[in-house]
Amino acid sequence: MAQLKNEMKFEFISKSANESFARATVAAFVAQLDPTISEVADIKTAISEAVTNCIVHAYKNGLGTIYISVKIFENGQVIIKIRDKGCGIENISQAMEPLYTTGGAERAGLGFAVMQSFMDNIKVTSKLEKGTTITLTKNIIPRVTKNGQ
Amino acid sequence: MVEVKIIKDGESASALIKGDIDHHTAKEIREQIDAYVQDNQIKLLNLDFSQVQFMDSSGIGLIMGRFKMMKLLMGSVKVINVPSHLKRIIKLSGLLSLGVIEKGEV
Ligand SMILES: Nc1ncnc2c1ncn2[C@@H]1O[C@H](COP(=O)(O)OP(=O)(O)OP(=O)(O)O)[C@@H](O)[C@H]1O
Ligand SMILES: [Mg+2]
């Protein structure tokens, strides 16, 4: 197990104005690992997907709290958890299929596909009427390797 | 933060989107564009992405939604000037098969 470098947690109510706040906050914290612009963009996109799902799906009938925790490790690994106490997902593998959506005409059904493609690993746990936790992992490549030294 | 600038040329209009596209801003963008298209009887809608800094799958939903709307109005939509940092998400979306993006764009 790699050595923990730093850890943070924050929570906020499920207002859509907080989508940009959440992704910017995680990006600012992860900056300690000296990621590339494209690694930061990947993480911001995945956070935006997970947080939007909490707002649009988990708490579709009202406001709730969204919880985010971020751990960064000395070896460059980032582990992010996004948790809601909303409606839960009945069938996780169906929900994760590309183009599957319960969100209507303005949703593409691609959020999970984007998280899967932009991060190195995704784990989803959910319980109906209790809520959902998304765990996203990304390995930031240390700079020395990036520079080819 | 987002801003939409729409310029009309006959029956076509170009909507320049400046800023980030997420679920929050997509609503505002959608409302502005849809009202303009309907008020001005637009047949060809160009979505200019050259000044989009960030976009998640809400941006894909925005494009698909405009595609459906323009089809209902017997018109069409084209996404133009896709910046390189958005190419991956656009490729992943399958939007290329809808014909709203020229092959050379991504
Ligand atoms: N946190 C959540 N709580 C409850 N249901 C969820 C949650 N996240 C996702 N879902 C369910 O999984 C489906 C697929 O999610 P996904 O993010 O892939 O697509 P979408 O949100 O519907 O569309 P898009 O992300 O492209 O706007 C959703 O339509 C919803 O039914
Ligand atoms: Mg989604």
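Everything here concerns the structure above.
Everything numeric in this text was worked out from a predicted model, so none of it was measured.

This paragraph deals with the site of ligand 1. Neighbouring ligand 1 are 20 residues, the closest being H57, T101, T102, R107 and L110 of chain A. Around ligand 1, the neighbouring residues derive from chains A and B rather than from a single chain. H57 of chain A places a polar side-chain atom, nitrogen or oxygen, 2.7 Å from an oxygen atom of ligand 1. R107 of chain A has a polar side-chain atom sitting 2.6 Å from an oxygen atom of ligand 1.

All names here are of chain A. Across the sheet, which stays open at both edges, the 5 strands sit in the order 1-2-3-5-4 with antiparallel pairing between neighbours. Lying at the two open borders of the sheet, with one neighbouring strand each, are strand 1 (4-13) and strand 4 (121-127). Across this sheet, the average inter-strand angle for adjacent strands is 10°, counted without regard to direction. Judged from the 8 bridges that link them, strand 3 (residues 77-84) and strand 5 (residues 131-139) form a sheet pairing that is antiparallel. Within strand 5, the position partnered with V78 by the bridge is K138. The strands touched by helix 1 (residues 18-30) are strand 1, strand 2 (65-73) and strand 3; relative to strand 1, the strand with the most contacts, the crossing angle is about 170°.

Further remarks concern the nonpolar core. One recurring pattern in soluble globular proteins is that nonpolar side chains are buried together. I21, L47, F49 and M55 of chain B are the most contacted members of the largest nonpolar core, which has 36 residues in total. Elements with a contribution of two residues or more to this core: helix 4 (111-118) of chain A together with strand 1 (2-9), strand 2 (12-21), helix 1 (23-39), strand 3 (44-55), helix 2 (57-72), strand 4 (76-80) and helix 3 (87-93) of chain B. Among the elements that take part in this core, helix 2 of chain B stands out by supplying 6 residues, more than any other. With residues up to four places along the chain from it excluded, the contact list for M55 of chain B reads T45 of chain A together with I21, F49, I60, L86, I89 and I90 of chain B. Counting 33 residues, the second largest nonpolar core, distinct from the first, contains M8, Y59, I72 and M96 of chain A.

Right, let's talk about the interface of chain B and chain A for a bit. Across the boundary between the two partners, chain B contributes 21 residues, which contact 23 residues of chain A. Both faces combined, the contact of chain B with chain A buries some 1,800 Å², and carbon together with sulfur accounts for 54% of it. If you sort the residues of chain B by the area they bury against chain A, H23, R88 and L92 of chain B come out on top, with a joint share of 32%. Across the contact surface, chain B and chain A share 5 salt bridges. Put simply, E106 of chain A and R66 of chain B hold a salt bridge, and the shortest N to O gap is 2.9 Å. Where chain B meets chain A, there are 12 residue pairs in polar contact (both at pLDDT 80 or more). At the level of elements, helix 1, strand 3, helix 2 and helix 3 of chain B are the ones that each hand at least two residues to the side of chain B that touches chain A. Considering each element in turn, the side of chain B that touches chain A owes the most residues, 9 residues, to helix 2 of chain B. Looking at the side of chain B that touches chain A, its residues break down into 7 nonpolar, 7 polar and 7 charged.

Reading guide: rules and limits
Residues numbered from 1 in each chain as written. Chains lettered and ligands numbered in written order. Predicted model: local features only at pLDDT ≥ 70, side-chain atom pairs only at ≥ 80, totals over all residues. Heavy atoms only, no water. Near = heavy atom within 4 Å. Polar contact = N/O pair within 3.5 Å; in protein donor to acceptor, adjacent residues only side chain to side chain. Pairing = 2+ DSSP bridges. Helix = DSSP H or I, 4+ residues; strand = E, 2+ residues; numbered from the N terminus. Axes fitted to C-alpha atoms, helices over the stretch in contact; angles between N-to-C directions. Contact = heavy atoms within 4.5 Å. Core = buried A, V, L, I, M, F, W, Y, C linked by side-chain atoms within 4.5 Å. Buried < 20%, exposed > 50% of the residue type's maximum accessible area, 1.4 Å probe, protein only. Buried area = accessible area lost by both parts, 1.4 Å probe. Salt bridge = Lys/Arg side-chain N within 4 Å of Asp/Glu carboxyl O. Nonpolar A, V, L, I, M, F, W, Y, C, P; charged D, E, K, R; others polar.

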